[in-house]
Amino acid sequence: SCNVSVPTSLAVQKISPTSVKITWTGSSCGVFRIWVGTNQNVTTFCSSGATQATCPVNDSKTTSKELVVTELNPGTLYYYRIMNWLKDGVDSSS
């Protein structure tokens, strides 16, 4: 069987004043779900009608272990959450 695991080795690399690359390691099972926003409770914040400016990544899904985020506002603090998701009720987040 295949088990999801908490993403580890999280890193953010600045590409430009308005873009970053987020990388991580984790299970090859399922998909990774990513949120990036200006509120610390980023998953709830993004799902409650936040704008593109305040939540540039809202539940993006990927099998990759990296994501480039663009159109960020310089000088703004962003929070991010990455979840390894297999199916409803089976997840692990960081």
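Anything mentioned here points back to the structure above.
Not measured: the values here are computed from a predicted model.

J.: Help me out: how do you make sense of the state of the cysteines in this one?
T.: In protein chemistry, a disulfide is the covalent bond that joins the sulfur atoms of two cysteines. Under the counting rule described, the total for this entry stands at one disulfide. Between Cys46 and Cys55 runs a disulfide, and the two sulfur atoms are separated by 1.9 Å. What sets the handedness of the Cys46 and Cys55 disulfide is the S-S torsion sign, and at about 110° it is right-handed.

J.: Can you help me understand the environment of Ser28 in this one?
T.: By the element assignment, Ser28 lies in the loop between strand E2 (19–25) and strand E3 (31–37). By relative accessible area, Ser28 is classed as exposed at 71%. Sequence spacing of Ser28 and Ser64 is 36 residues, and the spatial spacing of their C-alpha atoms is 9.0 Å.

J.: Which parts of the structure should I look at to understand the pattern of salt bridges?
T.: Pairing is possible between side chains that carry opposite charge, provided their charged atoms lie close to one another. In the structure shown here, the tally under the stated rule is three salt bridges. The residue Glu66 makes a salt bridge to Lys21 at a minimum N-O spacing of 3.8 Å. Note that Glu66 is positioned in strand E5 (residues 66–69) and Lys21 in strand E2, a separation of 45 residues in sequence. When its relative accessible area of 24% is taken as the criterion, Lys21 is described as partly exposed. Note that Asp59 and Arg33 form a salt bridge whose closest N and O atoms lie 2.8 Å from each other. On the criterion of sequence distance, the pair formed by Asp59 in strand E4 (residues 57–62) and Arg33 in strand E3 is long-range, its members being 26 residues apart.

J.: Looking at this model, I keep getting lost on unusual backbone geometry. Mind explaining?
T.: For residues besides glycine, phi is generally negative; the peptide bonds are generally trans as well. You will see that Ser9, though not glycine, has its phi angle at about 50°, which is positive. Here Ser9 lies in strand E1 (residues 8–16).

J.: For this particular structure, what's the right way to read the side chain of Asp59?
T.: There is a polar contact of 2.8 Å between the side chain of Asp59 and the side chain of Arg33. Sequence-distant contacts of Asp59, that is, excluding residues within four places in its chain, are made with Arg33, Ile34 and Trp35.

J.: How should I be thinking about the environment of Trp35 in this particular structure?
T.: Along the polypeptide, Trp35 turns up in strand E3. Assessed through its relative accessible area of 6%, Trp35 is described here as buried. Spatially, the C-alpha atom of Trp35 lies 5.2 Å from that of Asp59, the residues being 24 residues apart in sequence. When sequence neighbours within four positions are dropped, the list of residues in contact with Trp35 reads Val42, Thr43, Cys46, Val57, Asn58, Asp59, Tyr79, Tyr80, Arg81 and Met83.

Calculation rules
One numbering rule holds for all chains: residues counted from 1, following each sequence as written. In keeping with the model being predicted, local features are shown solely for residues with a pLDDT of at least 70 and side-chain atom pairs are shown and tallied solely at 80 or more, while totals for entire chains, interfaces and linings include all residues. Just so you know, side-chain values use all the structure's heavy atoms and leave hydrogens and water out. Cysteine sulfur atoms that pair up within 2.5 Å are treated as a disulfide. Strands are runs of DSSP state E lasting at least 2 residues, helices are runs of H or I lasting at least 4, and numbering of each runs from the N terminus. The rule is simple: take the accessible area with a 1.4 Å probe, protein chains only, and divide by the maximum for that residue type; under 20% is buried, over 50% is exposed, in between is partly exposed. Salt bridge, as used here: a side-chain nitrogen of Lys or Arg that lies within 4 Å of a carboxyl oxygen of Asp or Glu. Under the rule applied, a polar contact is a pair of N or O atoms within 3.5 Å (in protein, one hydrogen donor and one hydrogen acceptor; residues adjacent in sequence only if both atoms are side-chain atoms). In what follows, residue pairs with any heavy atoms lying within 4.5 Å of each other are defined as contacts.

In short, shape yes, function no, at least from these values alone.
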